[in-house]
Structure formats: C-alpha cells, structure tokens
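Report on the structure
One letter stands for each residue in the lines below.
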Amino acid sequence: MRLVILGLLLLTAIADAAIYKWTDKNGKVHYSDTPIDGAEVVTPAENTLNKINRSKVSPTPSITPKVNQTSYQVHIVSPQDQAALRVNNGDFDVNARVSPKLSDSQTLQLTVDGTRYGEPQRHGYFSLTNVDRGEHVIVVQLLSAEGKVLVQSQPTTVYVHRFSKLFKTN
C-alpha cells in the first residue's frame, strides 16, 4: 500500500513539472522539462485547448432512385429434396413457386449442377430431357431484367435412376 501511495506522489510531481525556455547562440528557441543556465520558466495559459469551428453541413438529398425493396422467395415444389427419380429416358419436370408474383421484367432460370438449363422464362414449370443417371442439384433463380440473380431457391438434390444397357433384362 505504501508503494502505491509513493507511486501516486511521484506521478503528481512529474505531472506538475515546470517547462523551461531558452535561446541558444544561433537564436534558436528551445523548450525542455530540465532547467538549463539562463532558461526561464514558462507558465502555460489555462486555456490552451485548440478549438475547431465546424460549420453545420446539411444532409445532401439522396441521388439514388428509390428501389422497390420487395422480398422475393423462390421454392421448388417438385421434385422433393433427396428424391429418387426412376426415369428410364431421363425426362422429368421441375415445378417452382415464386412469392410475391413476378414483375413484368423478371424471369426464372433453372440451373442443374450449377449450369444454366434452357432459357429464362416467366413461369415456374421446367421440363428436363435426357438427364444423365446419378445425383443432380437443381436450383431455380429469380433474374432481374438485366439478368442479375435477385434470389434463388434452396438447392434440391435428386437422384436419377435410368435403365442401363450394360445389364441384360429377362
């Protein structure tokens, strides 16, 4: 406890140290906290705070056009996620639903395994043909008029089962 009090006393002594000013033989003015022969003690004025006057800035009006912030949702209704599709010819349909209703400039795009399938269209009914057997991930995207993806469905994984010519049938 005594060390704490002694430390506090030393800190206040340092904080209360004087400032000395002197001019050297070349006419250069120096300031220091240690006294030098011929130096004078400088007492700073009480009000030495720098003040900055800021002019009030009025907010600028927004120059960006107001965009309709409609929150769209896209859901794949069928086939269900993790569905096993027995389609020997590889043909099946995907049905998607969008809410709220599409605007006139928006379209839907089907992707299979990350690749666009077919052309964008205005309805959520897609017919796939000759899809290879195996696992496939399908997603339906809502596109803006510029083709930018606004929102997309959750990925739906399907397993396509097709007849193989490698196996003989009875």
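Above: the structure in question.
Notes on the structure follow. Please read all numbers here as calculations on a predicted model, not as lab measurements.

Check the secondary structure of the protein and you find one helix and 12 strands. The linear arrangement of helices and strands in the protein, starting from the amino end, is α-β-β-β-β-β-β-β-β-β-β-β-β. Looking at the protein as a whole, 25% of its 170 residues are labelled buried. Nonlocal contacts in the protein, meaning residues at least 24 apart in sequence, comprise 52% of its contacts between residues at least 6 apart.

A separate point is the sheet that holds strand β2 (residues 29-32). Spatially, three strands are ordered β2-β1-β3 in an open sheet, and the strand pairing comes out antiparallel. The open sheet has two edge strands, β2 and β3 (40-42), and neither has a second partner. In this sheet, adjacent strand axes meet at a mean angle of 35° when their direction is disregarded. Pairing between strand β1 (residues 19-23) and β2: four bridges, direction antiparallel. From the neighbouring strand, Tyr 20 faces β2, where its bridge partner is Ser 32.

This part takes up the sheet that holds strand β4 (residues 73-78). Here three strands make up an open sheet; going across it, the order is β4-β6-β9 and the pairing antiparallel. The sheet is open, and its two borders are formed by β4 and β9 (125-128), each paired with just one other strand. Between one strand axis and the next, the sheet turns through 25° on average, direction left out of account. Relative to strand β6 (residues 92-99), β4 runs antiparallel, the two being bridged by five bridges. Among the inter-strand pairings, Ser 78 is bridged to a residue of β6, identified as Asn 95.

Let's shift gears to the pairing of strand β10 (residues 134-143). Two faces make up the sheet, and in a regular strand the side chains alternate between them. With seven of 10 residues buried, β10 lies mostly within the body of the structure. As paired strands, strand β7 (residues 107-112) and β10 are joined by six bridges and run antiparallel to one another. Its bridge partner lying in β10, Leu 108 is registered against Leu 142. In this structure, β10 lies alongside strand β12 (residues 156-161), joined through five bridges in antiparallel fashion. Counterpart to Ile 138 in the pairing with β12 is Thr 156. In terms of strand pairing, β10 meets strand β11 (residues 149-152) through three bridges, oriented antiparallel. The residue of β11 that forms the bridge with Leu 143 is Val 149. The antiparallel pairing of β10 with β11 creates a hairpin that spans five residues between the two strands, and Gly 147 there sits at a positive phi of about 90°.

Among the structural elements, Arg 133 can be located in the loop between β9 and β10. With 46 residues separating them along the chain, Arg 133 and Val 87 place their C-alpha atoms 8.9 Å apart. Residues contacting Arg 133, with those up to four places away along its chain left out, are Val 160, Arg 162 and Ser 164.

Procedures and definitions
Residues numbered from 1 in each chain as written. Predicted model: local features only at pLDDT ≥ 70, side-chain atom pairs only at ≥ 80, totals over all residues. Heavy atoms only, no water. Helix = DSSP H or I, 4+ residues; strand = E, 2+ residues; numbered from the N terminus. Buried < 20%, exposed > 50% of the residue type's maximum accessible area, 1.4 Å probe, protein only. Contact = heavy atoms within 4.5 Å. Pairing = 2+ DSSP bridges. Axes fitted to C-alpha atoms, helices over the stretch in contact; angles between N-to-C directions.

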